[in-house]
Amino acid sequence: MVLGEVESIVSYYLQSSGSKLAAGFADEFLQRVSGAAERPWIYAIQKKGLRRVNLRRFPYNFLFLVDDAEVLVTAVRHNSRHPSYGVGRR
């Protein structure tokens, strides 16, 4: 499901603004996921053990879980989405 969310966002930026912005989103998303994997403890635990990472340049964030030293991204969402979007996923 998360892959589909990322693909939809990249597709949106491709159609509305071009490949440069779409690639910028993908790059920032991957960098932030990598950063969360390296230091997950710097992100506060929200509901149900989930942690939230905000993208800097784009109005999106993602939720992730830490499970046995592994980071699992459970949802990618626009900042205007309801805060409960994706909270029930595992």
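Whatever comes next refers back to the structure up there.
Trainee: I'm lost on the overall build of the protein in this one. Help?
Mentor: In terms of regular secondary structure, the protein is built from two helices and three strands. Taken over the C-alpha trace, the protein has a radius of gyration of 13 Å; the compact-globule value for 90 residues is 12 Å, and the two agree within 12%. Each principal axis of the C-alpha atoms in the protein carries an extent, and together these give about 40 × 25 × 20 Å. When each of the 90 residues of the protein is scored for burial, the buried share is 37%. Counting contacts in the protein only where the partners sit at least 6 residues apart, residues at least 24 apart contribute 38% of the total. When the accessible area of the protein is evaluated, it comes to approximately 5,700 Å², of which 52% is carbon and sulfur surface. Side chains of the protein give 13 positive and 8 negative charges; the mean places of these two sets differ by 10 Å.

Trainee: What is the right way to look at the packing of helix α1 (residues 2–17) against helix α2 (residues 19–38) in this model?
Mentor: Two packed helices can be described by the angle between their axes and the distance between those axes. Viewed as axis vectors pointing N to C, α1 and α2 meet at an angle of 155°, and their least axial separation amounts to 7 Å. Between α1 and α2, the angle is such that the two are roughly antiparallel. Seen from above, α1 lies across α2 with right-handed handedness. Packed against α1, whose contacting residues are Val6, Ile9, Val10, Tyr13, Leu14 and Ser17, the element α2 presents Ser19, Leu21, Ala22, Phe25, Ala26 and Phe29 at the interface. Class assignment of the residues belonging to the contact of α1 with α2 gives a composition of 10 nonpolar, two polar and no charged.

Trainee: What am I meant to see in the pattern of salt bridges here?
Mentor: Where side chains of opposite charge bring their charged atoms close, a pairing between them can arise. By the definition in use, this model includes one salt bridge. A salt bridge links Glu5 to Arg89; its shortest N-O distance comes to 2.8 Å. With Glu5 in helix α1 and Arg89 in the segment after β3 (70–78), the pair connects residues that are 84 residues apart, well separated along the chain. This pair shows no difference in class: Glu5 is buried, exactly as Arg89 is.

Trainee: I keep staring at the pairing of β3 and nothing clicks. Help me out?
Mentor: For a regular strand, the rule is simple: side chains alternate between the two faces of the sheet. Note: strand β2 (residues 60–67) against β3, eight bridges, orientation antiparallel. Bridged to Leu65 within β3 is Leu72.

Trainee: How should the environment of Ala26 be read in this particular structure?
Mentor: On the secondary structure map, Ala26 appears in helix α2. Expressed as a C-alpha distance, the spacing of Ala26 and Val6, which sit 20 residues apart in the sequence, is 7.9 Å.

Trainee: When you look at the sheet that holds strand β1 (residues 51–54) in this model, what are you seeing that I'm missing?
Mentor: To summarise the sheet geometry, strands pair through backbone hydrogen bonds and adopt either a parallel or an antiparallel arrangement. With antiparallel pairing, the three strands of this open sheet are ordered in space as β1-β2-β3. Each end of this open sheet is capped by a strand with a single partner; those strands are β1 and β3. Sheet twist, expressed as the average angle between the axes of neighbouring strands with direction ignored, equals 30°. On top of the sheet, α1 reaches β2 and β3; it is set at about 45° to β3, its chief contact. Lying on the sheet, α2 is in contact with β1, β2 and β3; it crosses β2 at an angle near 30°.

Criteria and cut-off values
- Residues numbered from 1 in each chain as written.
- Predicted model: local features only at pLDDT ≥ 70, side-chain atom pairs only at ≥ 80, totals over all residues.
- Heavy atoms only, no water.
- Helix = DSSP H or I, 4+ residues; strand = E, 2+ residues; numbered from the N terminus.
- Rg over C-alpha atoms; globule rule 2.2 N^0.38 Å.
- Buried < 20%, exposed > 50% of the residue type's maximum accessible area, 1.4 Å probe, protein only.
- Contact = heavy atoms within 4.5 Å.
- Areas by Shrake-Rupley, 256 points an atom, 1.4 Å probe, with all protein chains shown as cover.
- Lys, Arg positive; Asp, Glu negative; His and termini not counted.
- Charge placed at Lys NZ, Arg CZ, Asp CG, Glu CD.
- Axes fitted to C-alpha atoms, helices over the stretch in contact; angles between N-to-C directions.
- Parallel < 35°, antiparallel > 145°, perpendicular 65-115°, else oblique.
- Left-handed = near helix turned anticlockwise from the far one by under 90°.
- Nonpolar A, V, L, I, M, F, W, Y, C, P; charged D, E, K, R; others polar.
- Salt bridge = Lys/Arg side-chain N within 4 Å of Asp/Glu carboxyl O.
- Pairing = 2+ DSSP bridges.

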